[in-house]
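Read off the chains here:
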Amino acid sequence: MTTLASKQNTSLIAHLLRRASFGAYGEDLERYVCQGYEATVDELLNSLGNDNIPYDLIRRYHVEQSTLRNQTSARALWIYRMATTRYPLKEKMTLFWHRVFATSAAKLINARPMVNQIDMFREHGMGRFNNLLIHLSKNPAMLMWLDNQDNHKNAINENYAREILELFSMGVGNYTETDIKECARAFTGWTVVNPAYMSIKMRNNTARPYGYMSWQFNIDEKDHDDGVKTFLGETGNFNGEDIVEIICKQDATPRFIARHLYHFFVADEVPVPQWPYTKPRNPDAIEELARSYRDSSYDISAMLRVLFNSDFFKSDEVRFTRIKSPAELVIGMLRMAGGLKVASYETYESADVCSFMGQELLSPPSVEGWQGGDEWINTGTYAERVNFASKMFDDTDRPGIRSLIDRIKAAAISGVLTPRQLVDACLETLGHIAASDNTRNGLLARAETETDLNFDTEEAITESEKKIATMLQLVASTQEFQLA
Amino acid sequence: MSTSTVTQKPELEYLDTVGFVADQGGRGFHLPVDMAIRSDGRIYVASRSHYQSVNIIGIQIVSIKHEFFGQVGSHGSGDGQMISPSALAIDNNDRLYLADDVLQRITVYDKTNTYTNKWGTAGSADGEIDGPSGLVFDSDNNLLIVDHKNHRVQRFTTDGYFLGKFGSLGMRDGQFDHPWGITVDAENYIYVADWRNDRIQKFTNDGYFVSKFGRSGNGPGEFNRPSNVAVDSEGFIYVTDWGNQRVQMMAPNGTFILELRGQATLSPWATEYLESNADEAMARSTYVPVYDTGSDDPNEISARIEPYFWDPVTVVLDNKDRLHVLETGRHRFQIYSKFDG
């Protein structure tokens, strides 16, 4: 009974860590199990310090990571951080906001403003939503992405105004076209320093003569429409900050954010454009999360606490149902393998692998971001996933891989590991994977083509370790391993 | 020791900027990491670039008059090629020496810029190198190499025969933590930019510790990862305070005198570019280059303010003691001259 309860608890915490982190294995998972579920939620939510990233070494060895103009370099820097962070939920939330507030370096050309935007998500992404939305509205990457430098007092450009309502806070059906125009008026003059020169460098895609300049937010008071506006039923001389406050107190806003959180952490929802016409998968869960938003004065962490402690999150029905995004898969594997070196190009290769799998970090396909779900998987991207996992397990000298193999070896009884024990140990070690009978039988059939593994001699140990690594590669190529 | 009149209240005057981003090749530099000036005034600049833009990896030859003489070497591991150029030095026969911290070797070119030799073995034993990051010739025409991942300085003949070493990993006097640049003054003292210890150390020609100055910080006389050092004919010391994005000038005893943040102007190459691109020139005509960023991050400030130094990586003096401050982030070098204030 105790063993069953213990396994259930371990399985639940492994589920939490697949969703709120990038997965946990071995001793790391044991530590969380030891402290219990609620304490683990607390640790994830309260671990809000700053990582001690060795920027000096990174910039010395990869000189282009100072300017961060190059997109692959910028992606590599973020991947390094995610793969080494002590605050995984913070990085998960940074990924979350990158997906919701999708902005792309493909248009901005210079990747540095995107890195600055990601830094902003990291700093404010788990605080109050109104504060985050104000920072977003002042973020140079967002302003240039949605052309707000062209939103003038006497000639509005409603691009940002439309998206802040449609995609960033409330969703279609909760405002009028007039609200969009009034919203745009409130954001007139919200631009960057030197907008004309910054814009043309971006449009001409030129670093000449001396490289790109990073952008700085600026309010051009002369270009700001200070007149009376009527927005969502309220009237006043609103500016952008006023607009954000009005947005944040609408009933639609917490429901919209809650649905995004549910989609990211609990179970896949239909694509965002269908939300006005399709009920949430779990309306009660959305209402529960929305209530926590209102009760906490728009605090995102309060919503997350409710989510992770909820029955709908802990339910067996939602475990191993979400397809890991490429970033989740790649970062999870890098963290599992360990041994990432500052001076290596592995993070660059990993950034490219993410792109090949369908998630080009810092360059989402459109302002709607990545839909995810089934769209992550096709014949080509699945092959990339399998190849990446295979490559990671090939290097058995990496500390994390070494540790996994040692744990699997420890499952041997009387120095022998039968095919069934090998399969069970690999499934358990790679995150208590709930494999289907079909998958388990397939793995077993493969394992049974070999004799029992033994560890009597140096030669036998070497041979057995190779077979363990091969079985880990096979487990990592299963459908179940693609699921969080 | 110089016999010239010693400057009493030195100041530095901005003279000019040489450079242009050559991210697609051609005239200019791309992410340069070191430079050296030959006796005839020709200036060699090593462009590191990055792996997605390898055509510009090489050593560009220019002059203070904005002449461009082409490129030495190219990307690759063959003779005369390079993967990751890290440092340059010129011997008393005007031969050029290039360090490559991926290939772990020294490549030698003659006065006509033709490849003549290469040497170097990766490792940590005597005479082996791991990450050569600074080069300078001593008065005997032997090459001092900052062997930075071994946290030491090694001395070789021009043909690569090991002569000696000093330093080890640590914080004590005479120890290093990822040292970077190196120079030798007129009295044959050796100065090393002890990068991760945030200080400059001074040694005798034999490698015995003499003195040190600097500590971690961003105040006067403090450093954030100093990358290189130069000493002029009067003993004044110049340090590229890389992490603080500035250059500091010190008295011969290491006390702070002044700092530079950079004030680059458009080089003729930059001006010619804008003349050929009227839309950019027009937009630039209303551009305000220097403004209050409100940021306390020197790297981000340099990213926004074009005239400021961005990753000032090395400072080199010519035969008139003029400073040439090379900036990795802006693909150019700024020139300054000392005068009595």
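All values derive from a computational prediction rather than experimental measurement.

Reading guide: rules and limits
Residues numbered from 1 in each chain as written. Chains lettered and ligands numbered in written order. Predicted model: local features only at pLDDT ≥ 70, side-chain atom pairs only at ≥ 80, totals over all residues. Heavy atoms only, no water. Helix = DSSP H or I, 4+ residues; strand = E, 2+ residues; numbered from the N terminus. Rg over C-alpha atoms; globule rule 2.2 N^0.38 Å. Buried < 20%, exposed > 50% of the residue type's maximum accessible area, 1.4 Å probe, protein only. Contact = heavy atoms within 4.5 Å. pLDDT = per-residue confidence, 0-100. Pairing = 2+ DSSP bridges. Axes fitted to C-alpha atoms, helices over the stretch in contact; angles between N-to-C directions. Parallel < 35°, antiparallel > 145°, perpendicular 65-115°, else oblique. Nonpolar A, V, L, I, M, F, W, Y, C, P; charged D, E, K, R; others polar. Salt bridge = Lys/Arg side-chain N within 4 Å of Asp/Glu carboxyl O. Expected span 1.5 Å × (residues − 1). Domains from an automatic or database assignment. Buried area = accessible area lost by both parts, 1.4 Å probe. Polar contact = N/O pair within 3.5 Å; in protein donor to acceptor, adjacent residues only side chain to side chain. Left-handed = near helix turned anticlockwise from the far one by under 90°. Phe/Tyr/Trp six-rings, centres within 6.5 Å; stacked < 30°, edge-to-face > 60°.

Novice: Hey, could you run me through the overall build of chain B in this one?
Specialist: When you go through chain B residue by residue, the secondary structure sums to three helices and 24 strands. The globule rule puts the C-alpha radius of gyration for 341 residues at 20 Å, and the 19 Å found for chain B is close to it. Based on the C-alpha atoms only, the size of chain B along its principal axes is roughly 60 × 45 × 40 Å. The buried share of chain B, taken over its 341 residues, is 60%. Long-range contacts, defined here as pairs at least 24 residues apart, represent 48% of the contacts in chain B between residues at least 6 apart.

Novice: Quick question: what am I supposed to make of the confidence of the model for chain B here?
Specialist: When pLDDT drops low, the exact placement of atoms in the prediction is not to be read closely. Per-residue confidence for chain B averages 96 on the pLDDT scale, and 98% of its residues sit at or above 70. In the predicted assembly, ipTM is 0.96 and pTM is 0.96.

Novice: Can you help me understand the side chain of Glu306(B) in this one?
Specialist: The topology assignment puts Glu306(B) in the loop between helix 3 (298-304) and strand 22 (312-317). Taking the relative accessible area as the measure of exposure, Glu306(B) reaches 3% and is therefore buried.

Novice: So what exactly am I meant to see when it comes to the sheet that holds strand 4 (residues 58-62) of chain B here?
Specialist: The pairing of strands in a sheet comes from backbone hydrogen bonds and takes either a parallel or an antiparallel form. Residues and elements named next belong to chain B. Sheet architecture is open: four strands sit in the order 2-3-4-5, paired in antiparallel fashion. The outermost strands of the open sheet, each flanked by one partner alone, are strand 2 (32-37) and strand 5 (68-72). Pairwise comparison of adjacent strand axes, ignoring direction, gives a mean angle of 20° for this sheet. Summarising the sheet, strand 4 and strand 5 pair through four bridges and their orientation is antiparallel. Looking at the pairing, Ile59 lines up with Val72 of strand 5.

Novice: Just checking my understanding: could you explain the packing of helix 23 (residues 399-410) of chain A against helix 26 (residues 458-476) of chain A for this structure?
Specialist: Geometrically, a packed helix pair is captured by the angle between its two axes and the distance between the axes. Residues and elements named next belong to chain A. Across the interface, helix 23 lies against helix 26 with an axial gap of 10 Å and an inter-helix angle of 110°. Considering their axes alone, helix 23 and helix 26 lie roughly perpendicular with respect to each other. Facing Arg402, Ile405, Ile408 and Lys409 of helix 23, the residues of helix 26 in contact are Ile461, Glu465, Ile468, Ala469 and Leu472. Tallied by class, residues from the contact of helix 23 with helix 26 come to six nonpolar, no polar and three charged.

Novice: It is not clear to me how the sheet that holds strand 20 (residues 246-250) of chain B should be interpreted in this structure. Could you clarify?
Specialist: Residue and element names in this part refer to chain B. Strand order in the open sheet formed by four strands is 18-19-20-21, and the pairing between neighbours is antiparallel. Both edges of this open sheet fall to strand 18 (228-231) and strand 21 (256-260), since each of them pairs with a single strand only. Direction aside, the axes of adjacent strands within the sheet are offset by 20° on average. Bridging between strand 20 and strand 21 involves four bridges; their strand directions are antiparallel. Within strand 21, the position partnered with Met250 by the bridge is Phe256.

Novice: Please explain the pattern of salt bridges as it appears in this structure.
Specialist: When their charged atoms lie close together, side chains carrying opposite charge are able to pair. With the rule as written, the count across this model stands at 57 salt bridges over all chains. A salt bridge links Asp42(A) to Arg305(A), with the shortest nitrogen-to-oxygen separation between them at 2.5 Å. Of this pair, Asp42(A) sits in helix 3 (residues 37-46) while Arg305(A) sits in helix 18 (residues 300-308), placing them 263 residues apart in sequence. Counted as one network, the salt bridges with shared partners bring together Asp56(A), Arg196(B), Asp198(B) and Arg225(B).

Novice: For this particular structure, what's the right way to read helix 26 of chain A?
Specialist: Spacing of three or four residues puts side chains on the same side of an α-helix, whose turn is 3.6 residues. Taking 1.5 Å of rise per residue, the 19 residues of helix 26 of chain A would be expected to cover 27 Å, and the 27 Å separating its terminal C-alpha atoms lies within 8% of that figure. Within helix 26 of chain A, burial applies to Ala460(A), Ser464(A), Glu465(A), Ile468(A), Ala469(A), Met471(A), Leu472(A), Gln473(A), Val475(A) and Ala476(A).

Novice: Would you mind going over the pairing of strand 19 (residues 237-241) of chain B with me for this structure?
Specialist: Each regular strand carries side chains that alternate between the two faces of the sheet. Residue and element names in this part refer to chain B. With five of its five residues buried, strand 19 lies for the most part within the structure. Taking every second residue as pointing to the same face, both faces of strand 19 are buried, with Ile237, Val239 and Asp241 on one and Tyr238 and Thr240 on the other. Here strand 18 pairs with strand 19 via four bridges, running antiparallel. For Val231, the partnering residue across the bridge sits in strand 19 and is Ile237. Count of turn residues in the strand 19/strand 20 antiparallel hairpin: four residues, of which Gln245 carries a positive phi of about 55°.

Novice: Sorry, what's going on with the domain arrangement of chain A here?
Specialist: Residues and elements named next belong to chain A. Looking at the assigned domains, one finds that chain A contains domain 1 (47-376) and domain 2 (394-484). With centres defined by C-alpha atoms, the gap from domain 1 to domain 2 works out at 39 Å. At the junction of the two partners, domain 1 supplies 15 residues and domain 2 supplies 15 residues. Regarding the contact of domain 1 and domain 2, the summed buried area is about 1200 Å², with carbon and sulfur atoms giving 61% of it. Between domain 1 and domain 2 we count one salt bridge in total. Of the charged contacts in the structure, one is a salt bridge between Glu346 and Arg398, with a shortest N-O distance of 2.6 Å. Seen at the junction of domain 1 and domain 2, the total is eight residue pairs in polar contact (both at pLDDT 80 or more). In terms of residue count, helix 20 (residues 326-337) provides more of the side of domain 1 that touches domain 2 than any other element does, four residues in total.

Novice: Explain the packing of helix 9 (residues 112-124) of chain A against helix 10 (residues 129-137) of chain A here, please?
Specialist: Residues and elements named next belong to chain A. At a closest axis distance of 10 Å, the pairing of helix 9 and helix 10 adopts a crossing angle of 165°. On the basis of their axis angle, the class for helix 9 and helix 10 is roughly antiparallel. Two packed elements cross with a definite hand, and for helix 9 against helix 10 that hand is right-handed. Counting all contacts with helix 9, which are made through Gln117, Met120, Phe121 and His124, the residues of helix 10 involved are Asn131, Leu132, His135 and Leu136. Partitioned by chemical class, the residues of the contact of helix 9 with helix 10 number four nonpolar, four polar and no charged.

Novice: How should I be thinking about the packing of aromatic side chains in this particular structure?
Specialist: Two measures describe an aromatic ring pair: the distance that separates the ring centres and the angle between the ring planes. All names here are of chain A. In total, this model carries 39 aromatic pairs over all chains according to the counting rule given. Note on Phe101 and Phe168: the rings are 5.3 Å apart at their centroids and 80° apart in plane angle, and the pair reads as edge-to-face. Of the two residues, Phe101 is situated in the loop between helix 7 (88-100) and helix 8 (105-108) and Phe168 in the loop between helix 12 (159-166) and helix 13 (177-186); the sequence distance between them amounts to 67 residues. Judged by relative accessible area, which is 0%, Phe168 ranks as buried.

Novice: Help me understand the interface of chain B and chain A, please; the structure alone is not making it clear to me.
Specialist: Where the parts come together, the accessible area they lose is often given as the size of the interface. Residue-level contacts link 52 residues of chain B with 37 residues of chain A. For the pair chain B and chain A, the summed buried area comes to about 3900 Å², and 52% of that belongs to carbon and sulfur atoms. Counting across the chain B and chain A interface gives five salt bridges. The closest approach of N and O atoms between Arg69(A) and Asp23(B), which form a salt bridge, is 2.8 Å. Counting across the chain B and chain A interface gives 28 residue pairs in polar contact (both at pLDDT 80 or more). Breaking the side of chain B that touches chain A down by element, the ones donating at least two residues are strand 1 (10-19), helix 1 (268-275), helix 2 (278-284) and helix 3 of chain B. A per-class count over the side of chain B that touches chain A returns 18 nonpolar, 19 polar and 15 charged.

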